[in-house]
Amino acid sequence: MSFRRRRDAGGTIVAALSVTGAIPFMPEARLRDLRPEAIACARAISHELGWNQP
């Protein structure tokens, strides 16, 4: 899964979120299933940092 970069109120990237796991415990299909949750989490972090997408 790719990194989701997070921005502060000024638009500066200040954090990154990634989901990883060992193949036997985290097959690619499971990573795809977690993608919406990871994106929602990253957006929530950005919002708390003051970012509002233009």
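For the structure, check the block above.
Attention here is on the structure that accompanies the text. What you see is a predicted model, and the numbers here were worked out from it, not measured in a lab. (Residues numbered from 1 in each chain as written. Predicted model: local features only at pLDDT ≥ 70, side-chain atom pairs only at ≥ 80, totals over all residues. Heavy atoms only, no water.)

1. Section: the pattern of salt bridges
Alright, step 1. Counted under the stated rule, the structure contains one salt bridge.
Alright, step 2. The partner of Glu28 in a salt bridge is Arg32, with the nearest N and O atoms 3.5 Å apart. Residue Glu28 and its partner Arg32 are both found in helix H1 (residues 28–48); the two are separated by four residues, about one turn of the helix.
Alright, step 3. The class for Arg32 is exposed, based on a relative accessible area of 52%. (Salt bridge = Lys/Arg side-chain N within 4 Å of Asp/Glu carboxyl O. Helix = DSSP H or I, 4+ residues; strand = E, 2+ residues; numbered from the N terminus. Buried < 20%, exposed > 50% of the residue type's maximum accessible area, 1.4 Å probe, protein only.)

2. Remarks on H1
Three- or four-residue spacings in an α-helix give side chains the same orientation, since the helix completes a turn every 3.6 residues.
Alright, step 1. In this model, H1 (21 residues) spans 30 Å end to end at C-alpha, consistent with the 30 Å of a helix rising 1.5 Å per residue.
Alright, step 2. At Arg35, H1 shows its strongest bend, of approximately 40 degrees, with the proline Pro36 following within four residues.
Alright, step 3. Phi turns positive one or two residues past the end of H1, at Gly50, with a value near 100 degrees. (Expected span 1.5 Å × (residues − 1). Bend = angle between axes of the 7 residues up to and from the residue.)

No statement about biological role is implied by the geometric values presented.
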